[in-house]
Amino acid sequence: FWKIRSKRKDENKMVKIVIVCTSATELKGYATGLWMEECAGPYYVFEEAGYDITIASPKGGPIPLEEKSLTEYFFTDASKKFLHDHKALAKLTH
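Figured I'd write up the structure that's included with this text. Nothing here was measured: the structure is a model prediction, and the numbers come from that model. In every chain, residue numbers begin from 1 and rise along the written sequence. Per-residue local features are limited, in this predicted model, to residues with pLDDT of at least 70; the limit for side-chain atom pairs, both in listing and counting, is 80 or more; totals at the level of whole chains, interfaces and linings are taken over all residues. Hydrogens and water are ignored here; the side-chain numbers use all heavy atoms of the structure.

1. Looking at helix α1 (residues 36-48)
Side chains of residues three or four places apart in an α-helix project in the same direction, reflecting 3.6 residues per turn. Helix length check: α1, at 13 residues, gives a terminal C-alpha distance of 18 Å against a target of 18 Å (1.5 Å per residue), a fit within 8%. Only protein chains enter the calculation, and the probe is 1.4 Å; a residue is then buried if its accessible area is under 20% of its type maximum, exposed if over 50%, and partly exposed in between. To qualify as a helix, a DSSP run of H or I must reach at least 4 residues; to qualify as a strand, a run of E must reach at least 2; elements of each kind are numbered from the N terminus. Counting buried residues along α1, 10 of its 13 residues qualify, which places the element largely inside the surrounding structure. Where α1 is concerned, the buried positions are M36, E37, C39, A40, G41, P42, Y43, Y44, V45 and F46. Any two residues having at least one pair of non-hydrogen atoms within 4.5 Å are treated as being in contact. Structurally, α1 contributes buried residues whose contacts are with β1 (16-20), β4 (52-56), α2 (77-83) and α3 (86-90). Where α1 terminates, the next one or two residues include G50, which has phi positive at roughly 85°. Residue count minus one, scaled by 1.5 Å, sets the expected span of a helix.

In structure tokens:
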């Protein structure tokens, strides 16, 4: 469901994208973290469009994952691909 609607005006200029993910490991006493599809879905759309992608978090450092986003009903194809993509996965551990 993610689509890039506009094209780059200057094909010689690299478009840079920053995906900002959470640094939080806890919210109101409950474990939390990045909901994988919220990063993986757009990541592959931007990658396919040829954009230079950076993944960052407010505090920097490794980005925590929300375990529930990796369960059967929520673990999307993009999420599975992301977790097996060493280049993408490395961007979560900056």
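So much for the structure itself; the text now carries on.
2. Considerations on the packing of aromatic side chains
Pairing of aromatic side chains requires ring centres within 6.5 Å, counting the rings of Phe and Tyr and the six-membered ring of Trp. Pairs whose planes differ by under 30 degrees are stacked, by over 60 edge-to-face, and all others tilted. In total, this model carries 5 aromatic pairs according to the counting rule given. An angle of 70° between the planes, with centres 5.2 Å apart, marks the rings of W35 and F74 as edge-to-face. With a gap of 39 residues between them, W35 in the loop between β3 (30-31) and α1 and F74 in the loop between β4 and α2 connect regions that are remote in the sequence. With relative accessibility at 43%, the residue F74 sits in the partly exposed group. Within the aromatic cluster, the residues linked to one another by ring pairs are Y43, Y44 and F82. Two conditions define a charge located above a ring, namely a distance within 6 Å from the ring centre to NZ of Lys or CZ of Arg, and an angle within 35 degrees of the ring normal. When the ring centre of Y44 is taken as reference, the NZ or CZ atom of K81 above it lies at 4.3 Å.

3. Here we look at unusual backbone geometry
Phi at K28 is positive, roughly 55°, even though this residue is not glycine. With respect to the helices and strands, K28 occurs in the loop between β2 (26-27) and β3. Residue classification places K28 among the exposed positions, given a relative accessible area of 78%.

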